[in-house]
Amino acid sequence: GWEIHFRLASYINFARGFAWLMGYHFEKPNFQAPYSARSVAGFWSRWNMSLSRWTREYLFYGNIEDFSAKRVVIVLGLFWCLVGILHGISWHYFTWGLLMGSTILFNFAYIYARYHWDWLMKMDAQFIPLSLKRAVTIVWIHASCILLVPECEDIIKSLHRILFL
């Protein structure tokens, strides 16, 4: 995960420097402590700020007029499948995008339920510490990155052998 973070940060900083030379200045930094996020949705909103803002303003808000649940699911699903395919043309990149989109949808459903059911909000605040939320987020992000490795078929077969002996 750290290697991917630094590799992408170098690409993005190069692009930001080139944009700065052309006269376009970014107001906010590109990464805002993504490893301190409490959820997968929070991680991705902090990961690549320029892409997140562009996506939110032009793709997401531009295509959702009524904010119906069905429309949100379709737009998020298509977006994350596209993000997966943009990492590479292969089934494991597509699966990774689908997995991240599904996780974010689950996260949004949990947030919605937490704010509509008082007992869930109280239980969340009392029994789930912030450090556990952060740890689960980082473990999930890093575990899902197995799908981004070119040799992921071998890794998945090895994990299947280990888990299901």
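Residues numbered from 1 in each chain as written. Predicted model: local features only at pLDDT ≥ 70, side-chain atom pairs only at ≥ 80, totals over all residues. Heavy atoms only, no water.

(A) Focus on helix H4 (residues 69-87). Between its first and last C-alpha, H4 extends 27 Å over 19 residues, near the 27 Å set by a 1.5 Å rise per residue. Among all positions of H4, only Val72, Val75, Leu76, Gly77, Phe79, Trp80, Cys81, Val83 and Gly84 are buried. (Helix = DSSP H or I, 4+ residues; strand = E, 2+ residues; numbered from the N terminus. Expected span 1.5 Å × (residues − 1). Buried < 20%, exposed > 50% of the residue type's maximum accessible area, 1.4 Å probe, protein only.)

(B) Geometry of the packing of aromatic side chains. For the structure on display, the rule yields seven aromatic pairs. A ring pair is formed by Tyr35 and Phe43, whose centres lie 5.6 Å apart and whose planes are at 70°; its orientation type is edge-to-face. The two residues Tyr35 and Phe43 agree in class, both being buried. Among the aromatic residues, those joined into a cluster by ring pairs are Tyr35, Phe43, Trp44, Phe79, Trp80 and Trp96. (Phe/Tyr/Trp six-rings, centres within 6.5 Å; stacked < 30°, edge-to-face > 60°.)

(C) Representation of helix H2 (residues 40-47) within the structure. Most of H2 sits inside the fold, with six of its eight residues counted as buried. The complete set of buried residues in H2 reads Val40, Ala41, Gly42, Phe43, Trp44 and Trp47.

(D) Structural view of the pattern of salt bridges. On inspection of all chains with the given rule, the structure shows two salt bridges. Between Asp124 and Arg114 there is a salt bridge whose closest N-O contact spans 3.7 Å. Taken as a pair, Asp124 in helix H6 (residues 118-127) and Arg114 in helix H5 (residues 91-116) lie far apart in primary sequence, ten residues in all. Here Arg114 falls in the buried class, since its relative accessible area comes to 15%. Several salt bridges converge on common partners, so that one network encompasses Arg114, Asp124 and Lys133. (Salt bridge = Lys/Arg side-chain N within 4 Å of Asp/Glu carboxyl O.)

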